[in-house]
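A closer look at the structure
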Amino acid sequence: MLRSLFRRSSSIVPASAASQGGFAGVLGGPDPIAAFGRLGVEATCLGDGIVLGGVATETDRTGDLVACGDAVLDNAEELRPALDMPGARPLALLAELVRHYGPDAGAHALGMYAAAVWDGTVRRLWLLRDGAGARTLYLAGDREHGWSFAARLRTLRRAPGVPGDPDPVAIRDYLTCAFVPAERTMWRGVRELRPGTALSLPDGREHVFWEPTERTQDPGAPLEVHAAGLRGVLDEAVRVRLP
């Protein structure tokens, strides 16, 4: 299995504590190990042309897909029997969802997550971010020089090819709108993966699996009917968040 091609290691590259940098990774480029070493994050998995780290990795049922990231799934209890993975952790469930649904995996994962899932059988990396954007995911690079990605913006300031200079357009947008719109960040050369998006690398294809939509249901119904419907939604939201 592909799992045997990965080596778990805490000494592949010099690193700081994992908690200081969150999860991160490097795909491709002339020397991915050296590029990852610049991020200051502990490496936990090393494969052919890819390094993942910062947190422990999990795999799908076959061991072919390796996931790294930060995930809390509200529907984990429903996913475990549906995917025949009793006791599986959220990252393992995400990896299995990618195996089943590819770019639409996020549509079946309800919760907060930002993750990287590597499919070595086809040498493809999926970057996933939850629809609400509760977890952050940033990336930099290109196909020629390789990609670096991380959960924290400050981690990528040290990535190869990132000048580490503020983006004046982003600063203008922030001073005008009180936020930085779209994928732009405060640092030149670094962009943010949009919520509800799956990004495939190295081809760079983006797929939006969820975005908010406005729906009007029973516009002629009295206010009490809509209030009761809202109460049901709130009760369900509280239920899935309680331990």
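Residues numbered from 1 in each chain as written. Predicted model: local features only at pLDDT ≥ 70, side-chain atom pairs only at ≥ 80, totals over all residues. Heavy atoms only, no water.

1. Brief notes about the overall build of the protein
Which entries qualify depends on this criterion: Helix and strand assignments come from DSSP, with helices taken as H or I runs of at least 4 residues and strands as E runs of at least 2, each series counted from the N terminus. The size measure is the radius of gyration over C-alpha atoms, and the globule rule it meets is 2.2 Å times the number of residues to the 0.38 power. Exposure classes here rest on a 1.4 Å probe applied to the protein chains alone. A residue is buried below 20% of its type maximum, exposed above 50%, and partly exposed in between. Residues are treated as being in contact if the distance between any of their heavy atoms lies within 4.5 Å. Per-residue and other accessible areas follow the Shrake-Rupley method at a 1.4 Å probe size, with only the shown protein chains counted as cover for residues. Counted as positive: Lys and Arg. Counted as negative: Asp and Glu. His and the chain ends are not counted at all. We put the charge of a Lys on NZ, of an Arg on CZ, of an Asp on CG and of a Glu on CD.
Along its length, the protein carries 7 helices and 12 strands. Here the C-alpha radius of gyration of the protein, 19 Å, is about what a compact globule of 243 residues would show, namely 18 Å. Seen through its principal axes, the protein has C-alpha atoms that stretch 65 × 50 × 30 Å. When burial is assessed residue by residue, the protein has 43% of its 243 residues classed as buried. Sequence separation of at least 24 residues holds for 54% of the intrachain contacts in the protein that already meet a minimum separation of 6. Carbon and sulfur atoms provide 54% of the accessible area of the protein, an area that totals close to 12,800 Å². Here the protein carries 27 positive and 30 negative side-chain charges, and the mean point of each set is 5 Å from the other.

2. Some words on the confidence of the model for the protein
Note the cut-off: On a scale of 0 to 100, pLDDT captures the predictor's confidence in every residue.
Chain-level statistics for the protein give a pLDDT mean of 88 and a share of 91% at 70 or above. Counted against residues more than four places away or in other chains, residues 1–19, with its pLDDT under 50, gives 45 contacts.

3. Let's talk about the pairing of strand β11 (residues 197–201)
The two faces of the sheet receive side chains in turn, since in a regular strand these alternate between them. Heads up, the condition is: Strand pairing is assigned whenever DSSP detects at least two bridges linking the two strands.
Burial runs high along β11: 5 of the 5 residues are buried. Bridge count for β11 against strand β12 (residues 205–208) is 4 bridges, and the pairing is antiparallel. Bridge pairing in β12 places Leu-199 opposite Glu-206. Where β11 hands over to β12, the hairpin turn is made up of 3 residues, of which Gly-204 adopts a positive phi near 80 degrees.

4. Quick look at the nonpolar core
Rules: Nonpolar core, defined: a set of buried Ala, Val, Leu, Ile, Met, Phe, Trp, Tyr and Cys residues in which side-chain atoms within 4.5 Å join the residues together.
Formed by 25 residues in total, the largest nonpolar core has its most connected members in Leu-73, Leu-93, Leu-94, Val-98, Tyr-113, Val-117 and Leu-128. Those elements that provide at least two residues to this core are β5 (65–73), α3 (76–82), α4 (90–101), β6 (111–119) and β7 (124–129). Residues within four places of Leu-128 in sequence aside, it is in contact with Val-98, Tyr-113, Ala-114, Ala-115, Val-117, Leu-137, Leu-193, Thr-197, Ala-198 and Phe-209.

5. Digging into the environment of Gly-141
Relative to the helices and strands, Gly-141 is located in strand β8 (residues 138–142). With a relative accessible area of 48%, Gly-141 lands in the partly exposed category. Placed 21 residues apart in sequence, Gly-141 and Gly-120 show a C-alpha to C-alpha distance of 20 Å. Beyond its immediate sequence surroundings of up to four residues, Gly-141 is in contact with Gly-146 and Trp-147.

6. So, the side chain of Thr-197
Just so we agree on the cut-off: A 3.5 Å cut-off defines polar contacts: any pair of N or O atoms within that distance qualifies, except that in protein one atom must be a possible hydrogen donor and the other a possible acceptor, and neighbouring residues in sequence count only when both atoms are side-chain atoms.
Looking at the element boundaries, Thr-197 is found in strand β11. Using a relative accessible area of 1% as the deciding quantity, one classes Thr-197 as buried. Among the polar contacts listed, one links the side chain of Thr-197 to the backbone oxygen of Arg-194, at a separation of 3.2 Å. In contact with Thr-197, not counting residues within four places along its chain, are Leu-127, Leu-128, Arg-129, Glu-206, His-207, Val-208 and Phe-209.

7. Section: the pattern of salt bridges
Just so we agree on the cut-off: Salt bridges are identified by distance alone: a Lys or Arg side-chain nitrogen within 4 Å of an Asp or Glu carboxyl oxygen.
Inspection of the entire model under this criterion finds 17 salt bridges. A salt bridge links Arg-89 to Glu-58; the nearest nitrogen and oxygen atoms lie 3.3 Å apart. Taken as a pair, Arg-89 in the loop between α3 and α4 and Glu-58 in strand β4 (residues 58–59) lie far apart in primary sequence, 31 residues in all. Judged by relative accessible area, Arg-89 falls into the exposed class, the value being 54%. The shortest N-O distance in the salt bridge between Glu-96 and Arg-99 comes to 2.4 Å. With Glu-96 and Arg-99 both in helix α4 and 3 residues apart, this pair spans about one turn of that helix. Each of the salt bridges in this network shares a partner with another, and the network as a whole consists of Glu-183, Arg-191, Arg-194 and Glu-206.

8. Concerning the environment of His-226
Inspection of the secondary structure puts His-226 in helix α7 (residues 223–241). Considered as a pair, His-226 and Asp-130 are 96 residues apart in the sequence and their alpha carbons are 27 Å apart. With residues near it in sequence (within four places) discarded, His-226 still touches Gln-217, Asp-218 and Ala-221.

9. Describing a nonpolar patch on the surface
Rules: What goes into a patch is any residue over 30% in relative accessible area without a salt bridge, connected to like charges within 9 Å or, for nonpolar side chains (Val, Leu, Ile, Met, Phe, Trp, Tyr), within 5 Å.
A contiguous nonpolar surface patch, about 310 Å² in accessible area, is contributed by Ile-171, Tyr-174 and Leu-175. By the secondary structure assignment, Tyr-174 is in helix α6 (residues 168–177).

10. Quick look at a positive patch on the surface
A cluster of like positive charges, contributed by Arg-152, Arg-154, Arg-157 and Arg-158, occupies part of the molecular surface. Topologically, Arg-158 is positioned in the loop between α5 (153–156) and α6.

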